[in-house]
Amino acid sequence: MDLIRNNFSLKLLAVALAVVGWAYFRFASNPVFASAQYDQQVSVPIAAVNLALGEVARFTDHEAVVTVSTKRGEPAIKPDEIRAVLDLSNKGAGIYNVPVQLVAPDVAIASLSPASVTLTIERIEARTFPIVIHYIGQPRGIVVGTARIHPTTATVRASTSELAGITAVNVNVALPTEPRAVDEMVRPMPVGATGTELPGISVSPDLVRVQLRFVAAAAR
């Protein structure tokens, strides 16, 4: 009994190491365990490719979740190693359901979500609008004596649906509190039916010259 108790902790450690060593060589050499795989999920952006010149694609699903099966011991897949694309070759204006295609290294794809994307392709068109001065503030004894804009029109380039929502192109000018002359460059902005500005739409020119002369209102 004393023989067993003598250096018991060291003997227990030796047994544990022996078991660990046996397990390592037993399972590491087993091809089933050596080739075991695990699933890795990565999120990648979805991009439209091969879109015809003068067209724009609109869709709401901009991220794809890809599950890949990777063998243990191999480096993890990086998101920038996988591309998710929508091939829009030979597609004109309309509504389509397009499969998501993966451009990836030699890996096993376990799942892909979404597998397809519903999108709308629209043509980019140009339309000319007159530029309108939009006065900001309340006039207090001040009226506009003269007003000049150069140029007087602006060309808007946008998709068909965006152009349909534009009612005018405005330049905003704040009303002064006293007579004065204004000569400045102002950015024209397309607006909708409610007067709400519509940013992110291409307008040419991007600046116009506004020359105004504010004078005192005539006493009644």
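Structural data are supplied above this passage.
I will try to describe carefully the structure that is included in this document. Small disclaimer: the values here were computed from a predicted structure and weren't measured.

**Description of the overall build of the protein**
Next up, step 1: Each helix and strand counted, the protein has four helices and 15 strands in total.
Next up, step 2: Burial statistics for the protein: of 220 residues in total, 26% are counted as buried.
Next up, step 3: Considering only residue pairs separated by 6 or more positions, the protein has 69% of its internal contacts joining residues 24 or more positions apart.

**Comments concerning the sheet that holds strand 15 (residues 208–216)**
Next up, step 1: Taken in spatial order, the three strands make up an open sheet running 9-15-12, and their pairing is antiparallel. With one partner strand each, in any of the chains shown, strand 9 (142–150) and strand 12 (180–186) form the two edges of the open sheet. Within this sheet the neighbouring strands show an average axis-to-axis angle of 15 degrees, counted without direction.
Next up, step 2: Relative to strand 15, strand 9 runs antiparallel, the two being bridged by eight bridges. Among the inter-strand pairings, alanine 147 is bridged to a residue of strand 15, identified as leucine 212.

**Here's the deal with the pattern of salt bridges**
Next up, step 1: By the definition in use, this model includes three salt bridges.
Next up, step 2: Between arginine 58 and glutamate 122 there is a salt bridge whose closest N-O contact spans 3.2 Å. You can see arginine 58 sitting in strand 2 (residues 55–58) and its partner glutamate 122 sitting in strand 8 (residues 116–136), a full 64 residues away along the chain.
Next up, step 3: By relative accessible area, arginine 58 is classed as partly exposed at 34%.
Next up, step 4: With a closest N to O distance of 3.2 Å, glutamate 162 and arginine 58 form a salt bridge. Highlighted residues: glutamate 162 in helix 4 (residues 160–164) and arginine 58 in strand 2, separated in sequence by 104 residues.
Next up, step 5: Beyond isolated ion pairs, a larger network of salt bridges with shared partners links Arg58, Glu122 and Glu162.

**Some thoughts on the nonpolar core**
One broad rule of soluble globular proteins: the nonpolar side chains tend to lie buried together.
Next up, step 1: Of all hydrophobic cores here, the largest spans 21 residues; its most connected members are Ile131, Ile133, Val156, Val171, Val210 and Leu212.
Next up, step 2: Put simply, the parts of the chain that give this core at least two residues each are strand 8, strand 9, strand 10 (153–159), strand 11 (168–174), strand 12 and strand 15.
Next up, step 3: Ranked by residue count, the leading element in this core is strand 15, at four residues.
Next up, step 4: Setting aside residues up to four positions removed in sequence, valine 156 forms contacts with Glu125, Ala126, Arg127, Phe129, Leu163, Ile166, Val169, Ile201, Ser202 and Val203.
Next up, step 5: Among the nonpolar cores identified, the runner-up in size contains 18 residues, and Val42, Val68, Ala84 and Leu88 belong to it.

**Observations regarding the environment of leucine 175**
Next up, step 1: Inspection of the secondary structure puts leucine 175 in the loop between strand 11 and strand 12.
Next up, step 2: Distance from leucine 175 to phenylalanine 214, taken between C-alpha atoms, is 8.4 Å for residues 39 residues apart in sequence.
Next up, step 3: Leucine 175 has contacts with Tyr135, Ile136, Gly137, Gln138, Pro139 and Phe214, leaving out every residue within four places of it along the chain.

**Things to note about the side chain of glutamine 40**
Next up, step 1: Secondary-structure assignment places glutamine 40 in strand 1 (residues 37–49).
Next up, step 2: Relative accessible area serves as the criterion here: at 13%, glutamine 40 is assigned to the buried category.

Cut-offs used in this document
Residues numbered from 1 in each chain as written. Predicted model: local features only at pLDDT ≥ 70, side-chain atom pairs only at ≥ 80, totals over all residues. Heavy atoms only, no water. Helix = DSSP H or I, 4+ residues; strand = E, 2+ residues; numbered from the N terminus. Buried < 20%, exposed > 50% of the residue type's maximum accessible area, 1.4 Å probe, protein only. Contact = heavy atoms within 4.5 Å. Pairing = 2+ DSSP bridges. Axes fitted to C-alpha atoms, helices over the stretch in contact; angles between N-to-C directions. Salt bridge = Lys/Arg side-chain N within 4 Å of Asp/Glu carboxyl O. Core = buried A, V, L, I, M, F, W, Y, C linked by side-chain atoms within 4.5 Å.

Interpretation in functional terms is not warranted from these geometric data alone.
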